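Residue-level structure breakdown
Okay, here's what each chain looks like letter by letter:
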Amino acid sequence: MATPNPVTAAAPPACPAPMKATSNGAFHHENPLDYALPLLIVQICIVVGFTRFLAFLCKPLRQPRVIAEIIGGLLLGPSAFGRNQKFLNTIFPKKSLTVLDTIANVGLLFFLFLVGLELDVRSIKRTGPKALAIAVCGITFPFLLGVGTSFVLRATISQGVQPLAFIVFMGVALSITAFPVLARILAELKLLTTDVGSIAMSAAAVNDVAAWILLALAIAVSGDNTSPIISLWVLLCGAGFILFAVYGIRPLLVIMAKHSLSGEPVKETYICFTLTLVLACSFLTDTIGIHALFGAFVVGIIVPKDGPFAGVLIEKIEDLVSGIFLPLYFVSSGLKTNVATISGGTSWALLALVIFNACFGKIVGTVVVSLSCKVPFRESLALGFLMNTKGLVELIVLNIGKDRKVLNDQAFAICVLMALFTTFITTPIVMAVYKPARRGAPYKHKTIQRKDLDTELRMLACFHSTRSIPTLLNLIESSRGTKKFGKLCIYAMHLMELSERSSAITMAHKARRNGLPFWNNKPDDANANNDHMIIAFQAYGKLNKVNVRPMTAISDLANIHEDICTSAHQKRAAMIVLPFHKHQLVDGSMESLGSSFRHMNELVLSHAPCSVGILVDRGLGGASQVQASDVSYNVVVLFFGGRDCREALSYGMRMAQHPGISLTVVKFVTAPGKSLAFGAKLVAVSVDKQQKVVTEIDENEKQLDEELWNEFLGKSIKYEERLVDSRNDIEAALREMSRSSLILVGRMPSVAPLVYNSDSAQLGPVGSFLASSEFSTTASVVVIQQYNPAADAHPLVMEEIDQLEEPDTPL
């Protein structure tokens, strides 16, 4: 008698067939989403596009991108969009999650490698007792609260878990500080190199290393049926790996770093070897049992930080890793998080308890030890919230705990929301409780117009692309004057937008001191290695014996004006030169660079501690720098009267001393009883932003105009007076000058507007016309605003007489 087939009698549920890599296409009646590669492409596109959209929404709140990526992961998971099973089964089917998790974890390996590259062990060795005390207390107190919290969770929603592993995981989850996220927040708030930022970064570095050690301990003691002997072997092998990395692998990396010279490309073999080494070490640590991430992190730490080698490694992989692969990890985490599991009064009370303990432990512990170290209260409170920053590292800890079944769905969701909340509140609260006041010593020469002409003229020349450098250099050469005038000192400031890149954070850290851009003449400085645009300024300074000092300002464009204005005050500049927010195309039309640059110029005009010149670049001297002996420019100064025109005339009088400059001053006058307003209502903006109609010109201003004009008449400079009866007469006179090399004009003379409905209103009634493409395609323009102490009601730098003057760079 035949026996029944036991398989057919009680068949287990069939496993889904593995997905094929590629499809034959829709014309073969195949759905691309049923195949691994096209589905992965769709997942990446959706994840990256959605998280970037959320980052755009979070930008006005000045939140780091990690917040948007955590929220994006939660929304795409079963907490929101994933509640629609059709969406979840189509875009993130279970059979695709292995491929998605694998790609996400490969990206995570290289991101942890980048984190290790940012972490300089020497800075930890140099950590002062103050930062060390803050770090130790900042991890001990919240760790103990995490241990206490674990007992409450085990008694309610996490019954039956491994006690020791759960205690360590909860302790690490509450005590960790996200070093990369903290660095981004500090850079955004311009606190990276202040005293508070330095303490926070040093303490976070110590905290980060301690947290990884504790996480290794947590991983070693977790797992199914793990005996103490196995845990001990895992820890010993992990320690042995670290020793092997330091004494076996690091010497090879040191040799490669020494052979990677500044200014020369790093060999492709070195890059390939290092990246392969990251994967090999990740395999070793995974084999040991302390997770593949540790291997990548350790390799990043032991890479030499001197020279260009580490910087090139960051540049090679940061965009691909941070932009494409890392968001996949947040979605992978979000697919495991179901906020709906937090239901009922007990669950919400536990969520509040976890958030309270996490914040209380970090903030109170840090504030108490900071106050005991004699840190002022506001700085201590800011340090407390900064050290409470969570982020990706927190999610890594939680995901490892979830994968090892230490954290169940409910505990995992509670901890993810805790990480999101604590990071979200950091930036707004730090901005509210701590805004360091900029203080500086007062200085005398804040304008070009001055009585003692033999004093040094200091200018802060700003640029954000190579396009404007030749014109800027030719303008500087024209400003040199002769022996009759004082020396010229130029601070060339490269304006760079702060991004989420690791390299941008590193450059911001190297290019700032005490929260401000500064010039460092060390040959291995970030300015010398990373900012190739300043080489032209350095070469010009050496050839022409002009003090040129390069600087780099790396900030968000919304507040980069603070760097410009505070640096100008610190360097005692008489004029800030800004590039116009439009550049000229080949056909002569003007193309806008974006509203951000226009807004930046407007803010600088409002807050500048000295005079400001906005340079409309139409190729002064051509597309390259002109040698001093070859300078031959026709410069025109337009004089309508008023404070700004006096500054323009003073600048022109200095230029006239250059043997290659032919200066012409054109003074516009009207018939007796008339004014240059020609009946138009002139609107002035007061310091409190209130608009008022100007009916007549101040007699004191007229007297000052006459005094400067009489001084000018004593010099042998060509000038002419133009009698005008209308706006059209002014326009016609200006068009005659459209073939000049350079035109200097005051920003706000009392003149009827020549252009209406212009997006260049910041240049004033005449400057906006000169900047239009209808006026000229060859004449560059500098629109000048003279510093007015009466209008400087809200300065970014508070001047104090007893404030010590910061030492300047050596002459």
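Each remark here, short or long, concerns the structure printed above.
All of the points below concern the structure found in this document. (Residues numbered from 1 in each chain as written. Predicted model: local features only at pLDDT ≥ 70, side-chain atom pairs only at ≥ 80, totals over all residues. Heavy atoms only, no water.)

So, the overall build of the protein
- A count of helices and strands for the protein gives 29 helices and 18 strands.
- The 811 residues of the protein split such that 55% are buried.
- Considering only residue pairs separated by 6 or more positions, the protein has 80% of its internal contacts joining residues 24 or more positions apart. (Helix = DSSP H or I, 4+ residues; strand = E, 2+ residues; numbered from the N terminus. Buried < 20%, exposed > 50% of the residue type's maximum accessible area, 1.4 Å probe, protein only. Contact = heavy atoms within 4.5 Å.)

Re the sheet that holds strand β16 (residues 742–746)
- Strand order in the open sheet formed by 10 strands is β6-β3-β2-β7-β10-β17-β16-β11-β12-β15, with mixed pairing between adjacent strands. Strands with a single pairing partner mark the edges of an open sheet, and in this sheet they are β6 (547–555) and β15 (718–723). Pairs of neighbouring strands in the sheet enclose a mean axial angle of 20°, with direction left out of account.
- Alignment of strand β2 (residues 457–463) against strand β3 (residues 488–497), held across seven bridges, turns out to be parallel. Along β3, the bridge assignment pairs Leu457 with Leu488. (Pairing = 2+ DSSP bridges. Axes fitted to C-alpha atoms, helices over the stretch in contact; angles between N-to-C directions.)

Things to note about the side chain of Arg65
- Along the polypeptide, Arg65 turns up in helix α3 (residues 65–76).
- Reaching out from Arg65, the side chain makes a polar contact with the backbone oxygen of Ser322 at a distance of 3.4 Å. (Polar contact = N/O pair within 3.5 Å; in protein donor to acceptor, adjacent residues only side chain to side chain.)

A short note on the side chain of Thr366
- Among the structural elements, Thr366 can be located in helix α15 (residues 344–372).
- With relative accessibility at 0%, the residue Thr366 sits in the buried group.
- The residues touching Thr366, leaving out its near neighbours within four places in the chain, are Ile134, Gly138, Gly361, Leu383, Gly384 and Met387.

Here's the deal with the packing of aromatic side chains
- As enumerated under the stated definition, the model contains 13 aromatic pairs in all.
- Geometrically, the ring pair formed by Trp709 and Phe712 is tilted, given 4.9 Å between the ring centres and 40° between the ring planes. With Trp709 and Phe712 both in helix α27 (residues 699–713) and three residues apart, this pair spans about one turn of that helix.
- Ring-pair connections join several aromatic residues into one group, and the members of that group are Phe50, Phe81, Phe87 and Phe92.
- Across from the ring centre of Tyr443, 5.0 Å away, lies the NZ or CZ of Lys446, which sits over that ring. (Phe/Tyr/Trp six-rings, centres within 6.5 Å; stacked < 30°, edge-to-face > 60°. Lys NZ or Arg CZ within 6 Å of the ring centre and 35° of its normal.)

Brief notes about the packing of helix α7 (residues 129–156) against helix α10 (residues 195–221)
- Orientation of α7 relative to α10, taken along the N-to-C sense of each, is 45°, at an axis distance of 8 Å. Relative to α10, the element α7 is oriented oblique. At the point where α7 passes α10, the crossing takes the right-handed sense. Across from Lys130, Ala131, Leu132, Ile134, Ala135, Gly138, Ile139 and Phe143 in α7, the residues of α10 making contact are Ile199, Ser202, Ala203, Val206, Asn207, Ala210, Ala211 and Leu214.
- Looking at the contact of α7 with α10, its residues break down into 12 nonpolar, three polar and one charged. (Parallel < 35°, antiparallel > 145°, perpendicular 65-115°, else oblique. Left-handed = near helix turned anticlockwise from the far one by under 90°. Nonpolar A, V, L, I, M, F, W, Y, C, P; charged D, E, K, R; others polar.)

A word on the pattern of salt bridges
- Counted under the stated rule, the structure contains 14 salt bridges.
- Residue Glu456 is joined to Arg458 by a salt bridge in which the shortest nitrogen-to-oxygen separation is 2.9 Å.
- On the basis of relative accessible area, Glu456 is assigned to the partly exposed category, the value being 26%.
- Of the charged contacts in the structure, one is a salt bridge between Glu736 and Arg722, with a shortest N-O distance of 2.7 Å. Within this pair, whereas Glu736 is found in the loop between α28 (727–735) and β16, its partner Arg722 is found in strand β15, the two being separated by 14 residues in sequence. (Salt bridge = Lys/Arg side-chain N within 4 Å of Asp/Glu carboxyl O.)

Structural notes on the nonpolar core
- Of all hydrophobic cores here, the largest spans 152 residues; its most connected members are Phe92, Phe113 and Ile396.
- In terms of residue count, the dominant contributor to this core is α10 (16 residues).
- Sequence-distant contacts of Phe113, defined by excluding residues within four places in its chain, comprise Thr274, Leu275, Val278, Ala296, Val299, Gly300, Val303, Leu313 and Ile317.
- Leu638, Val665, Phe668 and Val783 belong to the second largest nonpolar core, which has 97 residues in total. (Core = buried A, V, L, I, M, F, W, Y, C linked by side-chain atoms within 4.5 Å.)

A short note on helix α14 (residues 309–334)
- The first and last C-alpha atoms of α14 sit 35 Å apart over 26 residues, in line with the 38 Å expected at 1.5 Å per residue.
- Of all bends in α14, the biggest is about 45°, found at Ile317.
- Among the 26 residues in α14, 19 count as buried, and that is most of the element. (Expected span 1.5 Å × (residues − 1). Bend = angle between axes of the 7 residues up to and from the residue.)

So, the pairing of strand β7 (residues 575–579)
- For β7, a buried count of five out of five residues is recorded, marking the element as mostly surrounded by other parts of the structure.
- Along β7, one buried face is formed by Met575, Val577 and Pro579 and the opposite face, lined by Ile576 and Leu578, is buried too.
- Looking at chain direction, β2 and β7 are connected through three bridges and run parallel. When the bridges of β7 are listed, Ala461 appears paired with Val577.

Some details on a nonpolar patch on the surface
- On the surface, Ile229, Leu232, Trp233 and Leu236 cluster together into a nonpolar patch covering about 460 Å² of accessible area.
- Under the relative-accessibility criterion, Leu232 is labelled partly exposed at 47%. (Patch = residues over 30% accessible without salt bridge, like charges linked within 9 Å, V, L, I, M, F, W, Y side chains within 5 Å. Areas by Shrake-Rupley, 256 points an atom, 1.4 Å probe, with all protein chains shown as cover.)

Remarks on α10
- The end-to-end C-alpha distance of α10 is 39 Å, a good match for the 39 Å that 27 residues give at a rise of 1.5 Å each.
- When you tally the buried positions in α10, you get 19 out of 27 residues, the bulk of the element.

Some words on the pairing of strand β17 (residues 780–785)
- Counting buried positions along β17 gives six out of six residues, so the element sits mostly inside the fold.
- Burial along β17 is two-sided: the face carrying Ser780, Val782 and Ile784 and the face carrying Val781, Val783 and Gln785 are both buried.
- Of the pairings in the sheet, the one linking strand β10 (residues 611–616) to β17 comprises five bridges and is antiparallel in character. In the sheet register, Ile614 faces β17, and the bridge partner there is Val783.
- In terms of strand pairing, β16 meets β17 through five bridges, oriented parallel. Bridge assignment links Leu744 to a residue of β17, and that residue is Val782.
- Taking the sense of rotation as the criterion, the β-α-β connection linking β16, helix α29 (residues 764–770) and β17 turns out right-handed. (Right-handed = clockwise from strand over helix to strand, strands pointing away.)

What about the environment of Thr778?
- Locating Thr778 in the fold gives a position in the loop between α29 and β17.
- C-alpha of Thr778 to C-alpha of Ser740: the two residues are 38 residues apart in sequence and 7.4 Å apart in space.
- Contacts of Thr778, omitting those with residues within four sequence positions, involve Arg618, Ser738, Arg739, Ser740 and Ser741.
- At 3.3 Å, the side chain of Thr778 and the backbone oxygen of Ser738 are in polar contact.

Overview of the state of the cysteines
- Scanning the entire structure with this criterion turns up zero disulfides.
- Not part of a disulfide, Cys462 finds its nearest cysteine sulfur in Cys565, a span of 9.1 Å.
- As a non-bridged cysteine, Cys610 has Cys565 as the owner of its nearest cysteine sulfur, 7.8 Å distant.
- What makes Cys610 buried here is its relative accessible area of 2%. (Disulfide = S-S within 2.5 Å.)

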